[in-house]
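Here are the chains, one letter per residue:
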Amino acid sequence: MVTSIAPAAAAPLAAPERVEPFRHLGPNWYACVMGTAIVANGAGALPVSVPGQRGFAVGVWALSAVLLLVIMAARTVHLLRYRAEARAQLLDGPAMAVFYGCPPMALLAVGYGTLTLGRHVIGLEAAVTVDLVLWTVGTLYALVAGYGIPYLFVVRYQVRPGTADPTWLLPVVAPMVAAALGPALVPHLPAGAARESMLYGCYAMFGMSLLATLVLLPGIWTRLVHDKLAPIALTPTLFLVLGPLGQSTTAVNQLAGAAADAAPRYAGAMGAFAVLYGVPVMGFAMLWLAIAATANARALRRGMPFAMTWWGYTFPVGTCVTGAAALAGRTGLGALTVLAVGLYLLLVTAWVTAAAHTAYGALSGRLFRPALGPRPAGP
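In this report, we go over the structure that sits alongside the text.

**Describing the pattern of salt bridges**
Part 1: Across all of its chains, the model carries two salt bridges by this definition.
Part 2: E85 is paired through a salt bridge with R23; the nearest N and O atoms lie 2.3 Å apart. A residue pair is termed long-range when its members are at least 10 positions apart, and E85 in helix α3 (residues 83–91) and R23 in the segment before α1 (30–45) qualify at 62 residues.
Part 3: R23 gets classed as partly exposed once you look at its relative accessible area, which sits at 24%.

Quick look at the structure:
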């Protein structure tokens, strides 16, 4: 911050602005964990193998786990020290409250990475235990957010027509992440009722999240068409629409894969549904990706500054990576393999960009202020 030097006769200089890194630390910071974990999980899901791929994936998973611990500790400080601010984030309106969908998705993504990648570091038994704990806590959190935030929309938040934006999807998408990542635990559960309960419970969360998304999307589309998306820093949130699309495609394929162990009599039907649902939805996801990417390129040309919304470029694209990779594995179609790899390269580019700007903004203190101003907080 630049401070001018006043003449001797002028009033005393104002004290330098004090940066309080925990005061304005919202649940949106968990997007860093989500975006990092999906880079690791996406690398593990790709239907191709290149030298160093597993090592890279394991390293990024470890980074996501460290980030999760750091942000959990920082948020604990925020909740204990700044209770009024924490209450306002949840109850004063949806602007920050919708980001309460991020913490459960972060827990779920890191847990899944622990099972699929961390097992090579900490062993299978420990990895299963960690994932079971994180999936359970993350799923309960996701269900509370998926119910609680829409309830507050109904009974408390004062929302004007034409103010919906894609961030409203975050709380209702969280149960879809639980539905997509729960099936990986099925082989590690006792045969019989435990496995069936996990499978059908995940299908129920799939339906819960999908139908809630379909309820919200018309209002979001109406806002985009009639009232546009302002301020410009919200433009990256257009990518959030990809989240339920890619994640639901991932979910139906993961559920179909787990059906052989949990409900073998329905395995064939679930496998067919995974393809019949996943391919058309992935087609729409690519249409939306083109719209979102073009709109963001336009915003960047107009000087869009960095904000934490840039993490919206990562996790939603990552869900499309895992969705396309799952379809490629199920169908054996080379075009889907190419699509998964291409999306993954886009994901890594977005992750590096968001991470570099976030690190710069955090070290400079700009990201710990209530308003960042018109300048980009990045290199």
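Now that the structure has been shown, the text picks up again.
**Topic: the packing of helix α8 (residues 193–227) against helix α9 (residues 242–262)**
Part 1: Here α8 crosses α9 at 160 degrees, and the two axes come no closer than 10 Å. Of the possible angle classes, the one that applies to α8 and α9 is roughly antiparallel. Seen from above, α8 lies across α9 with left-handed handedness. Contact with α8, carried on its side by R195, E196, L199, C202, Y203, F206 and T213, involves P244, S248, A251, V252, L255, A258, A259, D261 and A262 of α9 and no other residues of that element.

**Re the packing of aromatic side chains**
Part 1: Scanning the model with the defined rule gives eleven aromatic pairs in all.
Part 2: Each ring, one from F206 and one from F273, has its centre 6.4 Å from the other, and the planes form 90 degrees; the classification is edge-to-face. With a gap of 67 residues between them, F206 in helix α8 and F273 in helix α10 (residues 267–301) connect regions that are remote in the sequence.
Part 3: Overall, the relative accessible area of 7% leaves F206 in the buried class.

Scoring rules and cut-offs
- Residues numbered from 1 in each chain as written.
- Predicted model: local features only at pLDDT ≥ 70, side-chain atom pairs only at ≥ 80, totals over all residues.
- Heavy atoms only, no water.
- Salt bridge = Lys/Arg side-chain N within 4 Å of Asp/Glu carboxyl O.
- Helix = DSSP H or I, 4+ residues; strand = E, 2+ residues; numbered from the N terminus.
- Buried < 20%, exposed > 50% of the residue type's maximum accessible area, 1.4 Å probe, protein only.
- Axes fitted to C-alpha atoms, helices over the stretch in contact; angles between N-to-C directions.
- Parallel < 35°, antiparallel > 145°, perpendicular 65-115°, else oblique.
- Left-handed = near helix turned anticlockwise from the far one by under 90°.
- Contact = heavy atoms within 4.5 Å.
- Phe/Tyr/Trp six-rings, centres within 6.5 Å; stacked < 30°, edge-to-face > 60°.

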